[in-house]
Amino acid sequence: MNKSTQQFFYPMTNVIQDYAWGSFTSIEALFDIKNTSNKPQAELWMGAHPNGCSTVTINGQPTLLSELINQDQTAYLSSLTADHFGELPYLFKVLAAEKALSIQVHPNKQQAMAGYDKEELSGVALNAFNRNYKDSNHKPELVYALTPYKAMNGFREYQEIINLFNQMALPSLEEIITRFEQQPNSQGLKCFFKAILSLTDKAKESALAELGHFASNNKQSELFALIDDLSIQYPNDIGLFTPLILNVITLQPGEAMYLNACTPHAYINGTGLEIMANSDNVLRAGLTPKFMDIDELMDCTEFVSIPADSLIMQPNIINGGMNYPIPVSDFKFSVFAPADDLPLETHSAEILFAIDGDMTLNHSTGETVNVPKGHSIFVPAYAHQYTLKSNGKVARAYN
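Below you will find a few notes about this structure.

What counts and what doesn't
- Residues numbered from 1 in each chain as written.
- Predicted model: local features only at pLDDT ≥ 70, side-chain atom pairs only at ≥ 80, totals over all residues.
- Heavy atoms only, no water.
- Helix = DSSP H or I, 4+ residues; strand = E, 2+ residues; numbered from the N terminus.
- Rg over C-alpha atoms; globule rule 2.2 N^0.38 Å.
- Buried < 20%, exposed > 50% of the residue type's maximum accessible area, 1.4 Å probe, protein only.
- Contact = heavy atoms within 4.5 Å.
- Areas by Shrake-Rupley, 256 points an atom, 1.4 Å probe, with all protein chains shown as cover.
- Lys, Arg positive; Asp, Glu negative; His and termini not counted.
- Charge placed at Lys NZ, Arg CZ, Asp CG, Glu CD.
- Phe/Tyr/Trp six-rings, centres within 6.5 Å; stacked < 30°, edge-to-face > 60°.
- Salt bridge = Lys/Arg side-chain N within 4 Å of Asp/Glu carboxyl O.
- Pairing = 2+ DSSP bridges.
- Axes fitted to C-alpha atoms, helices over the stretch in contact; angles between N-to-C directions.
- Expected span 1.5 Å × (residues − 1).
- Arc of directions from axis to C-beta.
- 1 Å grid on protein atoms, 1.4 Å probe; cavity = no way out; pocket = protein on both sides within 12 Å on 5 of 7 lines; lining within 4 Å.
- Points joined across faces, edges and corners; volume = space filled by probe spheres on them.
- Core = buried A, V, L, I, M, F, W, Y, C linked by side-chain atoms within 4.5 Å.

## Regarding the overall build of the chain
Stage number 1. Within the chain, the regular secondary structure consists of 11 helices and 23 strands.
Stage number 2. A globule of 399 residues ought to have a C-alpha radius of gyration of about 21 Å, and the chain, at 22 Å, matches this closely.
Stage number 3. The C-alpha extent of the chain, read off along each of the three principal axes, is 75 × 50 × 40 Å.
Stage number 4. For the chain, the proportion of its 399 residues judged to be buried stands at 54%.
Stage number 5. A sequence separation of at least 24 residues applies to 76% of the contacts in the chain between residues at least 6 apart.
Stage number 6. Entry remark: accessible area of the chain is about 17,300 Å², with carbon and sulfur atoms responsible for 49%.
Stage number 7. Taking the average location of the 25 positive side-chain charges in the chain and that of its 43 negative ones, the two points are 3 Å from each other.

Following this line, the structure appears as structure tokens:
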């Protein structure tokens, strides 16, 4: 790399994905990014993922971020990241959900490697409807709420699930819930969850009809009002039972939660920042017209309850930022309050996103860049040090 022409800050132009569940208004309202196409603005992608790679500006010329990084991975990513991952190991997003996303489980690294190799050897096309594993990577995620953000994450306590189903007393599920009552543990939950998801034909039709009738008559309960609302979005979908099985949580702006591998979860509505490992591996458990492989889902799910009050992450205040403890090496995530020349050090490739105000980055070489609200900047590992000045909160993605 030519030191004399070295650039330290790369303004980014990011792809907006128009998935059907996305919001038409939220990204525009929060960040003044006009919705000129009048399509749902579901996800704004910041990173080098091939399905929506960001573009950076080099001497006034647009270049794919992936192409920039591949010119010298050691310089842009750091030698450690280049050797271990061979790519920018995370994808950073703004996610704006108007409707619920499918209930998902992501495999862990070992499961993803084994599943990908098995489907490759079996000759299942990468774009086939019944393909489970698009790659050999895991997909841990963190979400940071920008608006009230409703989601499901992890199984409720065993007895709480039993109590909710007994409250409804649905005749078609009496036998299934009785078996769970007799075995209120991880194995009992696995059998119960599989039995619910495996309902077909008349049994499925009867169970959903009974659930719908109960939910519509009990909408004074927030939980059953949610099920009633989801039934409009996903009629006759077996996933309508999952709010009774999974923790339902609403993150307030500024709150974050981590979504681990092998844990069922779903985003219901709201806008937030999301950072994840680079993977498209999704095993679905409802609220979707897409393929559901129930046996594979069971093999990749940990049937343990997660206390609802443990879901919200508590950040550590380090170097002027709220740093969220993440148990994987693929990514780290921090949020900074408005700052005046806050010194930062880089040890990896970073993406900074201006959440609710403009920011200015300064390098000791004299290079300066101004980044307006709703925009992002790529900072290579070789920048080493820079200062941040902002009149709003700034999110930092790195590893």
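## Thoughts on the packing of aromatic side chains
Stage number 1. Across all of its chains, the model carries 20 aromatic pairs by this definition.
Stage number 2. Judged by centre distance (5.9 Å) and plane angle (80°), the rings of Phe9 and Tyr386 are edge-to-face. A residue pair is termed long-range when its members are at least 10 positions apart, and Phe9 in the segment before β1 (10-13) and Tyr386 in strand β22 (residues 385-390) qualify at 377 residues.
Stage number 3. For Phe9, a relative accessible area of 2% gives the class buried.
Stage number 4. In this structure Tyr386 comes out as buried when scored by relative accessible area, which is 3%.
Stage number 5. An angle of 40° between the planes, with centres 5.7 Å apart, marks the rings of Tyr19 and Trp21 as tilted.

## Comments concerning the pattern of salt bridges
Stage number 1. Taken as a whole, this structure holds 15 salt bridges when the rule is applied.
Stage number 2. A salt bridge links Glu43 to Lys93, with the shortest nitrogen-to-oxygen separation between them at 3.0 Å. Taken together, the residues Glu43 in strand β3 (residues 43-46) and Lys93 in strand β6 (residues 90-97) connect sequence positions 50 residues apart.
Stage number 3. Linking Glu160 and Arg156 is a salt bridge whose minimum nitrogen-to-oxygen distance equals 2.7 Å.
Stage number 4. Residue Glu160 is classed as partly exposed on the basis of its relative accessible area, which comes to 32%.
Stage number 5. Through salt bridges with shared partners, one network takes in Glu43, Lys93 and Glu274.

## Quick look at the sheet that holds strand β20 (residues 368-371)
Stage number 1. Strand order across the open sheet formed by four strands is β17-β22-β19-β20, with antiparallel pairing between neighbours. Across the chains shown, the open sheet's two edge strands, defined by having one partner strand only, are β17 (339-345) and β20. Averaged over all adjacent pairs, the angle separating strand axes in this sheet is 20°, with direction ignored.
Stage number 2. The pairing of β17 with β22 spans five bridges and is classified as antiparallel. Counterpart to Ala339 in the pairing with β22 is Ser390.

## Quick notes on helix α5 (residues 109-122)
Stage number 1. Helix length check: α5 (14 residues) gives 20 Å between terminal C-alpha atoms against 20 Å at 1.5 Å per residue, within 8%.
Stage number 2. Taken together, the buried positions of α5 are Ala112, Gly115 and Glu119. Buried residues in α5, looked at end-on, bunch into an arc of 75°, giving them a common side. Pointing more than 90 degrees away from the buried face of α5 are the exposed residues Gln110, Lys118 and Leu121.

## Details of the layout of surface pockets
Stage number 1. As a volume, the largest pocket reaches approximately 960 Å³.
Stage number 2. What lines the largest pocket is a set of 44 residues, and nearest its centre among them are Ser102, Gln104, Val282, Arg284 and Lys290.
Stage number 3. Of all the secondary structure elements, the ones that give two or more residues to the lining of the largest pocket are β3, β6, β12 (265-277) and β13 (283-284).
Stage number 4. The element best represented in the lining of the largest pocket is β12, accounting for five residues.

## So, the nonpolar core
Stage number 1. Among the nonpolar cores identified, the biggest contains 60 residues, and Phe92, Leu142, Tyr144, Leu273, Phe333, Leu361 and Phe378 are the most heavily contacted of them.
Stage number 2. For Tyr144, the contacting residues outside a window of four places in its chain are Gly254, Glu255, Ala256, Gly272, Leu273, Tyr324, Phe333, Val335, Ile355 and Lys393.
Stage number 3. Ile161, Ile176, Tyr234 and Met298 belong to the second largest nonpolar core, which has 51 residues in total.

## A word on the environment of Asp237
Stage number 1. Assignment of secondary structure puts Asp237 in the loop between α10 (222-233) and β10 (246-251).
Stage number 2. Counting along the chain gives 49 residues from Asp237 to Gly286, while the straight-line C-alpha distance between them is 6.6 Å.
Stage number 3. Contacts of Asp237, omitting those with residues within four sequence positions, involve Leu208, Gly286, Leu287 and Thr288.

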